[in-house]
Structures are given as structure tokens and as C-alpha cells.
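Take a look at the letters that make up each chain.
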Amino acid sequence: MSDGKKILVVDDEPDVCTYLSRLFEDHGYAVRCAADGEQALEAVRLDKPDLITLDLSMPHTSGVRFYREIKAHSDFSSIPVIFVTGVTGPTGSPADTERFYASRRQIPPPDAFVAKPIDPEEMLGLVRRLLGQGGSQ
Amino acid sequence: MSENALVSAAKLRAVEQACGRLFDEVPYYISIQDREFRILTANRKTWEDFGDCLGEFCYRVYKGRSAPCPECPVARTFADGCEHSSQEKIFDRRGLPRDVLVNTRPLRDPSGQVLAAMELFTDVTVQKELEHRLHDSLTRFQNLFDLAPCFISVQDRELRVIEANRRLMENFSWRLGGRCYQIYKGRSEPCPQCLVAQTFQDGKPRCGEDVLVDRSGRSVQVVVHTAAIRDPRGQITGVMELCDDVSEIRALEDKLASLGRLVGGIAHSVKNVLEGLRGGLYIGNLGFRDNKPEDIRAGWEMVERNVARLSRLIMDMLYCAREASPRRLPVSPAAVLQEVFALYAERARQTGISLEAEADSELTLLAEPRDIHSLLSNLVGNAIDACCSEEGEGKSYRVKVRVARQDEQAVIQVEDNGVGMDEETRSKLFTKFFSTKGPFGTGLGLLVAHKVVTEHGGTISAQSSPGQGSVFTVRLPLQSPVAGAAPTATRGTTQ
């Protein structure tokens, strides 16, 4: 059902990495983890993933910087990226946050957005849709 | 009355008749008096308002007195033959007071002898009343001007302060005619975008914000309002500038903003913990589903880890929110350090970090023992984390804590040779909810340390640079700080 698609999970929280890895693996995806932007960039170069989930609020290396580099790179700019973050807008609603990122002109809007705490069904649905595997939500 | 005078009075009556009714018609009180201040004659207006006063003493008629007034202008006219004037308050037949201007002049016989004195009262009651009201409203205006809880000035086109209220005079290096920009900011030239100048240009009121510097050098944040002052023809003669001190409001806003960041940071932390808990449950459930004990164990460990993290976060939050002042009990920092080292011994052993102490065991503080424990465990825990965060092959890591007495202070230094911090990280240390440690930090540890130190009247600072490790230095007074003494936090320097 997943056609062995590769997902790169970028999050500095090992537990979140483990959680998402297991979630995706359990649904037939091949998963790789990276704890910061640098590791993530290396992972993308080594083995181009089909999709990336990216935590934007990592302290050491900015997730935004990694995202900008990926989107600027002709080989990688088409990889769909899902933003995962605990930072939400003034009312805490994901819709607000999406508007917030969309309003920040210096970065292109993400392909999708998931707020922590992550709803596994929502996440899987997004992944399937972005990878063109039907079951869109 | 002497015989001569009676004769003269008869002559005067003749004069009066000659003047016809003019004497009666004038809108003043006119009377003619002899040397004893007896009224020989008076005009109709006097009769109307003061009754039949012929032959009565002036002072009795006008003031109800039983003796002549001191400084009587009639007496002076008799004495020197000249005209005199004064201001008096007299009372009419109904007892109503009237303010009058008094003029006296002598009436002479053909030989030049002063026969009598003419006394003329001009009723200025209405004018006096207006004068009083004007004075009252001026006083009221001046009081409002002076007591208004803001700085008010009136300026001319050259931005010279031509009027200033008391508050302005008291708070700024003020001199009449000084330029606004000198007084308020110590500048030598007008500020760019001067609101007063703009109001002079088009007469419209303006509002803005600015920062002034008062005479003690303190920055004062103000909201500025300007308004044109016009003469009766509508010409702008000056501009009033009103500066409202909003420093405290701004400080409060800053506090609220940092509280907002704190709450946001905590929410972020809680979300991550929640994520960890969900992940643990998810993996545990996979283990049950597939009958894989290693997954069950892994999930369970994740749950345990995140529950512990949540407990730490909540303890730190509770500590940050605590308002009670700490107790003052004798505490030995060296003994507390031993407990803290015991707490971290296992972790240090596993990670190969050596814990070293160089502590004066005689030193005793007056402090809240739990707080000192919390302070040291936060700092030592941070130091261990800093060592764990670096991937230095073959490097031997150590955390060294010194406790020593310096004058009247206990100095506690926690030094590590771990990952270190850059300037940006260091500058955020004690002020904001901040963690570089992802899952391992609550972001509150140094806020807690800072709170402990300031509540005990001490200071905390940090020195660090990337790759060089960090030194946190805490100074606590050995004596209880004087009540009300403001604790301070200092920021360290980057090596």
C-alpha cells in the first residue's frame, strides 16, 4: 500500500522521532530520522526521500533554514514537506498557524501542516495524499 | 459744628442749587463732609442706597463703625488740602457689601481755606467680583497645570519653553526659555519629526511616543500630545505639549509579554511531553497487537520518561509561580552539594563525567535549604548535560563545583568543559523560558536558579564560549539582605 516510499522524519525530540518512525513503518514506509537541519540535509543528499516531516522549532539548527535550502535546490524542491510544530497561532488553532506561515514571505508555504500533538490518522492521511496514494483527506 | 462752618454750608447749598440736578443725577455716591466726618449733604443715589444720612458720621453710615476709620482719605484731605484716594468696602442700608474706589478733594472758600471735603465713591463691586473670579480661575488653572500627573509645557516657534508645569520643573533640568529638546533630551538640535513643529505648521493636534531623559538620567517613556494655542484672531501663538509618563505601563507590558512567552514555552514543552506519551502508548499498543515484548517495553519506557519530564516541568513551574519569601535557615552549601552529587552520581558514571568538589565545609548560609538544593541541582544538571551534548572523541569531561567564602559572600562556581554557549544563547539564559536541550530540558531550570538567587539577595552570572565549556558563578550574601534591598542579576561576559 505504501510502495516502499521513503520518509525522512526531522525532529530533535527522540521520542517524537521514534513515534513517527514506528507509525510510518507500521504502515509500510521506509523511515529515516534526523535530529537537526544539518543531519537532515545530509540524509536528503545521501538518499532522497519521497516526503519529509519537519519540526520547525528545533533549537540547535533552524528547521526553517533547512526548509529554505531544500526548496532552493532543484533536485529536492519537489519533495513534499509537512511542517510539524508545537508552535501554534494566537488562538492555538492550526488554521491560525497555517495563516501565520503563509504570511511569512521569506519561506514558501509548506505542502501541509500538522500541529502537535499529532493525530496519527490525520498524519497518515496527509502522507498518502501528498504521495498520491489516494485516501485523501 | 462751628458757626463758620454753618455759614459755609449755607454757601455750599447755594452752589448745589446752582448746579441744578446734576449732582443728584451722577451714578456715584457723593457726599460732602466737615472735619468731624459729618455728612453735610449727599446726592440722591447715596440717599437711595444708604438712607437719610444728613448730619450722620460718614463712618457710621457707610461702615456701621462707632469711630473714624484708620487711614481715612477725608481726614488726609483736611490735613494737607490735597486729593486722596483709597479702596474701601462699605455696606448699604440692607447690609449688602459694596466695593468702592474712594476719591476725596477739598472744597475751599474764596480765601483758599478748606471748608469741607467732597467724598466720591465709585461702585466697583461688579468689577471686584469679576476680578475675584478671574483670580480664582487663574489659581485653579495654575493648580491643574501644576498638579496634572504629566509634563506640560507651552512652546514658541523656536521650541523655547515659555511655560512649564511644576512636575516638569521638578523632574527635568529646566530653565525658562530653554529649548524643549535640551530640557527633555539633552540634545543640541531639534528632534527629527518634532510634533510641536508640525502642530505649529498646520494647527492640528498630534500624538506620538517618545523617550525623555530626566535630570537623574533615567529614561522616561512618554506618550506625547500637542495642541495649538491661538489668539482671538486665530493666529497660533504657541503650542502646548503634554507628555504622559507611561514607563510603568510599558514595564508592565514587557512583563506580560515575557509571561506570554513563558506560557507559550511551557505549552510547547507540554505538547512535546504529550507527544512522547502518545508515542509510548502507540508503540506499546503495537507490541500488544503483534505480541512483541520489546515494543511493549520500549513504549512503556517512553511513557515513564515523559511522565518524569512532566513532573519536573510541573515542579519547576510551581517554583516559578511561588510568591512566598524564602525561610532563612542555616544551610551548608558543601553538604547540599554532596547530596546533589549523589543524585547525579549514576548518570555521571554512565556518561564518564567526573564530578569534582572543592567546597569549604565550614561555610554556612542563611537560606531556604530546598532552594539551595534546587539551585545546585539545576546548575550541576546543566553542566552534566553540557558535557553530554558534545561529541568530543577521547575528551575527558568533568564538572567542578567550588564553594568558597569571599568577604561577606558565599561564592559558588559550577564549571564544566562541555559544549559551551554562544553569545546569543548566553544572553537569553536568565530572562526567558529557554531550552537548548530538546527533550531533556524543561526550559525553566535557569529561571528557577535565577529566582532562588535573587530571592536570597544574590547574583548569578555565566561565562562561556562554544566548545570551551561554561562557568556559572553565584554570589549569595552570608547575612540576610536588608529588607527591600533590590536583588540584581548580572550578565556575564563571553570569554
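Residues numbered from 1 in each chain as written. Chains lettered and ligands numbered in written order. Predicted model: local features only at pLDDT ≥ 70, side-chain atom pairs only at ≥ 80, totals over all residues. Heavy atoms only, no water.

> I tried to follow the environment of Gly217 of chain B on my own but got confused; where do I start?
Residues and elements named next belong to chain B. The residue Gly217 is located in the loop between β8 (206-213) and β9 (219-230) in this model. Residue classification places Gly217 among the partly exposed positions, given a relative accessible area of 49%. As a C-alpha pair, Gly217 and Gly186 span 31 residues in sequence and 10.0 Å in three-dimensional space. (Helix = DSSP H or I, 4+ residues; strand = E, 2+ residues; numbered from the N terminus. Buried < 20%, exposed > 50% of the residue type's maximum accessible area, 1.4 Å probe, protein only.)

> Which parts of the structure should I look at to understand the sheet that holds strand β2 (residues 39-42) of chain B?
One key point about sheets: their strands pair by backbone hydrogen bonds, in either a parallel or an antiparallel sense. All names here are of chain B. Read from one edge of the open sheet, 5 strands run β2-β1-β5-β4-β3, paired in antiparallel fashion. The open sheet is flanked by β2 and β3 (84-91), the only strands paired with a single partner. Direction aside, the axes of adjacent strands within the sheet are offset by 30° on average. (Pairing = 2+ DSSP bridges. Axes fitted to C-alpha atoms, helices over the stretch in contact; angles between N-to-C directions.)

> Is there a simple way to explain unusual backbone geometry in this structure?
With glycine set apart, most residues show a phi of negative sign, and most peptide bonds adopt trans. All names here are of chain B. At Glu71, a residue that is not glycine, the phi angle is positive and equals roughly 60°. By the element assignment, Glu71 lies in the loop between α4 (58-63) and α5 (73-80). Not every positive phi belongs to a glycine, and Gln193 is a case in point at roughly 60°.

> How should the pattern of salt bridges be read in this particular structure?
Oppositely charged side chains may form a pair once their charged atoms are brought near each other. All names here are of chain B. Evaluated as defined, the whole model comprises 35 salt bridges over all chains. Between Asp202 and Arg206 there is a salt bridge; the shortest N-O distance is 2.7 Å. You can call Arg206 partly exposed: its relative accessible area is 22%. Residue Glu346 is joined to Arg349 by a salt bridge in which the shortest nitrogen-to-oxygen separation is 2.8 Å. Here Arg349 and Glu346 lie together in helix α12 (residues 333-351), a separation of 3 residues that amounts to about one turn. Taking the relative accessible area as the measure of exposure, Glu346 reaches 40% and is therefore partly exposed. Residues participating in the shared-partner salt-bridge network are Asp92, Arg94, Arg98 and Asp123. (Salt bridge = Lys/Arg side-chain N within 4 Å of Asp/Glu carboxyl O.)

> Is there a simple way to think about helix α3 (residues 63-72) of chain A in this case?
One turn of the α-helix equals 3.6 residues, which is why residues spaced by three or four share an orientation. All names here are of chain A. When we look at burial in α3, the residues that qualify are Gly63, Val64, Phe66, Tyr67 and Ile70. For α3, the angular spread of buried residues about the axis comes to 160°, placing them on one side. Of the surrounding secondary structure, the elements contacted by the buried residues of α3 are β1 (6-10), α2 (37-46), β3 (51-55) and β4 (81-85). (Arc of directions from axis to C-beta. Contact = heavy atoms within 4.5 Å.)

> Got a minute to help me understand empty space enclosed by the protein in this structure?
Empty pockets left among the atoms are what a rolling probe the size of a water molecule brings to light. Scanning the model with the defined rule gives 3 cavities of 30 Å³ or more in all. In this model, the largest cavity occupies a volume close to 140 Å³. In terms of residue class, the lining of the largest cavity is made up of 11 nonpolar, 1 polar and 3 charged. (1 Å grid on protein atoms, 1.4 Å probe; cavity = no way out; pocket = protein on both sides within 12 Å on 5 of 7 lines; lining within 4 Å. Points joined across faces, edges and corners; volume = space filled by probe spheres on them. Nonpolar A, V, L, I, M, F, W, Y, C, P; charged D, E, K, R; others polar.)

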